[in-house]
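So the chains spell out like this:
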Amino acid sequence: QYTVNGCISPPFSARVEVLPLPKINGETQTQPASVSQGLQVYLPMNSNGNDLSGNAINATLVGGITPTLNRFGQADSAIQLNGTNGHLTLPTGVYFNGSDFTITAWVRKNSNANWSRLLDFGNGQANQNVLLALTNGTTGRPAGQAYNGTVGGPIVASVIQMPDNQWQSLTYTFSNGGGQLFLNGVLVGQGPQNTPDKVDRSLNYLGRSNWTGDAFANAALDEFRLYSRVLSPEEIRLLALEQVAPL
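A brief look at the structure comes next. (Residues numbered from 1 in each chain as written. Predicted model: local features only at pLDDT ≥ 70, side-chain atom pairs only at ≥ 80, totals over all residues. Heavy atoms only, no water.)

## Some words on the environment of Gln-128
With respect to the secondary-structure elements, Gln-128 resides in the loop between β9 (117-122) and β10 (130-133). Sequence-wise, Gln-128 and Asn-148 are 20 residues apart; in three dimensions their C-alpha atoms are separated by 5.3 Å. Those residues within four positions of Gln-128 in sequence are excluded, and the remaining contacts are Phe-121, Gly-122, Asn-123, Tyr-147, Asn-148, Gly-149, Asp-197, Val-199 and Arg-201. (Helix = DSSP H or I, 4+ residues; strand = E, 2+ residues; numbered from the N terminus. Contact = heavy atoms within 4.5 Å.)

Pasting the structure below:
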């Protein structure tokens, strides 16, 4: 309550939620221990493709890739793909077990190059693909899709654009026949999806499509993670809080 010129206001209350953010440049938000559970691949992108998940699924850097600043301004702590031929390849393996998964990374795209990818794992064009596009066509709206053999399932697309030249936390989850997309911890798209088959996939790309007509990603990448489970909305939110507040 408060008093103005002798008049007393009615009682009121307010709820304030304080979200802990990094205190200094380069300091990350404390993550819950659960974000290491079900982790299949973790590529910090510290100028290389080393996997720190403990599973030794290292990526190979191919073509035009250069070290760059990460979202905290730290040198050589992310990678820049040149949009022409730069991409990463991962070894043949069973990355999707016919059930839940989560794909998440920090991305700073420079353009809406046609159907450019964060991820496309498959055995060629329209062959067991699981894909996460940075842009659905040239719309700037991320999109996810899964193929069973040569049959492509429904596309789940974001209802908003992912802005250019800004670091964004992009997450794609699948569970029980449904996919969801998150930008910076906020749900931006969902819908029915095919369940990926549990098969070996041999053409596994980051920043490149299995379709020859699609563009290479013109983007910087950091902190790529692939899980064999669905991260909870709270886990996704906390990962997105790793962004440093503007000074």
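After presenting the structure, the write-up continues.
## Description of the nonpolar core
Counting 37 residues, the largest nonpolar core has Ile-103, Leu-118, Leu-206 and Phe-224 as the members making the most contacts within it. If sequence neighbours within four positions are ignored, Phe-224 has contacts with Val-41, Tyr-42, Leu-43, Met-45, Ile-103, Thr-104, Ala-105, Leu-119 and Leu-206. Ranked by size, the runner-up nonpolar core spans 8 residues in total, among them Tyr-42, Phe-182, Tyr-227 and Ile-236. (Core = buried A, V, L, I, M, F, W, Y, C linked by side-chain atoms within 4.5 Å. Buried < 20%, exposed > 50% of the residue type's maximum accessible area, 1.4 Å probe, protein only.)

## Let's talk about the packing of aromatic side chains
Considering all chains together, one arrives at 6 aromatic pairs under this definition. For the pair Phe-96 and Phe-101, a centre-to-centre distance of 5.0 Å together with 70° between the ring planes defines the contact as edge-to-face. Judged by its relative accessible area of 2%, Phe-96 is buried. Here Phe-101 falls in the buried class, since its relative accessible area comes to 2%. Ring centres of Phe-101 and Phe-174 lie 5.6 Å apart, and the angle between their planes is 15°; this geometry places the pair in the stacked category. Taken together, the residues span a long stretch of sequence, with Phe-101 in strand β8 (residues 101-109) and Phe-174 in strand β14 (residues 168-175) at a distance of 73 residues. For Phe-174, a relative accessible area of 1% corresponds to the buried category. An aromatic cluster is present here, built from Tyr-95, Phe-96, Phe-101, Phe-121, Tyr-172 and Phe-174 joined pairwise through their rings. (Phe/Tyr/Trp six-rings, centres within 6.5 Å; stacked < 30°, edge-to-face > 60°.)

## As for the side chain of Gln-128
You can call Gln-128 buried: its relative accessible area is 11%. A polar contact of 3.2 Å, which involves the side chain of Gln-128, links it to the side chain of Asp-197. (Polar contact = N/O pair within 3.5 Å; in protein donor to acceptor, adjacent residues only side chain to side chain.)

## Thoughts on the pattern of salt bridges
Pairing between side chains becomes possible if they bear opposite charge and their charged atoms approach one another. Under the counting rule described, the total for this entry stands at 7 salt bridges. Arg-117 is the partner of Asp-120 in a salt bridge, and the nearest nitrogen-oxygen pair spans 3.1 Å. Comparing Asp-120 with Arg-117 shows no difference in burial state: the two are buried. Between Arg-225 and Glu-223 there is a salt bridge, with its nearest N and O atoms 3.5 Å apart. Residue classification places Glu-223 among the buried positions, given a relative accessible area of 13%. One salt-bridge network, held together by shared partners, links Arg-117, Asp-120 and Asp-214. (Salt bridge = Lys/Arg side-chain N within 4 Å of Asp/Glu carboxyl O.)

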